[in-house]
Amino acid sequence: MTDLAARLSAIDQQIADAARTAGRDAAEISRIVVTKFHPASLVRELHALGVRDVGENRQQELSGKVDELQLDGLRWHFIGQAQTNKAAAIRRSADVVHSVDRIKLADSLHRAGEGDDVLDVLVQVNLTDEAGRGGVAPDEAETLAEHILTLPSLRLCGVMGVAPLDETPATAFARLRGIADRVRTIAPNATWISAGMTGDFVEAIAAGATHLRIGSAITGPRPDRG
Ligand SMILES: *Cc1c(COP(=O)(O)O)cnc(C)c1O
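Worth saying up front: this structure is predicted, and the values here are computed from it rather than measured.

**Student:** Teacher, can you tell me more about the packing of helix α5 (residues 103-111) against helix α6 (residues 141-149) here?
**Tutor:** Each packed pair of helices is defined by two parameters, the angle between the axes and the distance between the axes. Contact geometry of α5 with α6 gives a least axis separation of 10 Å together with a crossing angle of 20°. Here α5 is positioned roughly parallel relative to α6, judged by the angle of their axes. Judged by the twist between their axes, the crossing of α5 over α6 is right-handed. Taken together, the residues of α6 that come into contact with α5 (itself represented by Ile103, Ala106 and Asp107) are Leu144, His147 and Ile148. The residue inventory of the contact of α5 with α6, partitioned by class, reads four nonpolar, one polar and one charged.

**Student:** Please explain the nonpolar core as it appears in this structure.
**Tutor:** In summary, soluble globular proteins display a tendency toward joint burial of nonpolar side chains. The biggest cluster of nonpolar side chains holds 63 residues, and the ones touching the most others in it are Val97, Leu109, Val123, Val125, Ile148, Leu156 and Leu212. Grouped together as the second largest cluster of nonpolar side chains are seven residues, Ile79, Leu122, Cys157 and Trp192 included.

**Student:** What is the right way to look at α5 in this model?
**Tutor:** Along an α-helix, a turn takes 3.6 residues, which lines up residues three or four apart on a common side. All buried positions along α5 are accounted for by Leu105, Ala106, Asp107, Ser108 and Leu109. Elements in contact with the buried residues of α5: α4 (87-93), β4 (96-100), β5 (119-125), α6 and β6 (154-161).

Procedures and definitions
Residues numbered from 1 in each chain as written. Predicted model: local features only at pLDDT ≥ 70, side-chain atom pairs only at ≥ 80, totals over all residues. Heavy atoms only, no water. Axes fitted to C-alpha atoms, helices over the stretch in contact; angles between N-to-C directions. Helix = DSSP H or I, 4+ residues; strand = E, 2+ residues; numbered from the N terminus. Parallel < 35°, antiparallel > 145°, perpendicular 65-115°, else oblique. Left-handed = near helix turned anticlockwise from the far one by under 90°. Contact = heavy atoms within 4.5 Å. Nonpolar A, V, L, I, M, F, W, Y, C, P; charged D, E, K, R; others polar. Core = buried A, V, L, I, M, F, W, Y, C linked by side-chain atoms within 4.5 Å. Buried < 20%, exposed > 50% of the residue type's maximum accessible area, 1.4 Å probe, protein only.

Shown next as structure tokens:
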């Protein structure tokens, strides 16, 4: 077994254990492998190991890898902060956008749609108390969700959050869970909670996460910039 295969199966085992501890079915939890800063060849290796969900946080890197790789059944998740002028390029490459955090971005993604194509999106919620961070303020999440529901080329799937560095992940994820519950009262199909990274996916599973975004624990350390 390669190191990559060993790390992947070790993480999947930890996910299964955390699900069992939380009284949850691991089959309802999706593991997205975050491949940012790694070469496209790593995505190819992951695909050969059965990975079908990968995440990228920069539009150029996403588009480059999508163009280079034509792999059956691979779903690309965009998880980074998005500029509105990149919306069309993101929409062309991504199957899911986790980081919709303002009405303007939702509108741009919608306008970039063509034909009957529908894009899956999540409302990213800012769990820190710094306004500059990615994500809509918690008390504006429902307004943004309501707006997305008016845009026919977007399908609202749920919410996404990143735990702040200066708070225990469990309390941050509990807040996200509360916001997810409120959003679901206006959008019953918006059942996804995208939360949990290498350092906190066990806590995210305990708090009800349905989609984990795990990078370095599976890929190994990111080459520089990461
Ligand atoms: C990089 C990144 C991750 C994965 O981080 P790891 O700590 O390597 O698991 C998850 N979510 C977002 C938004 C990221 O940018």
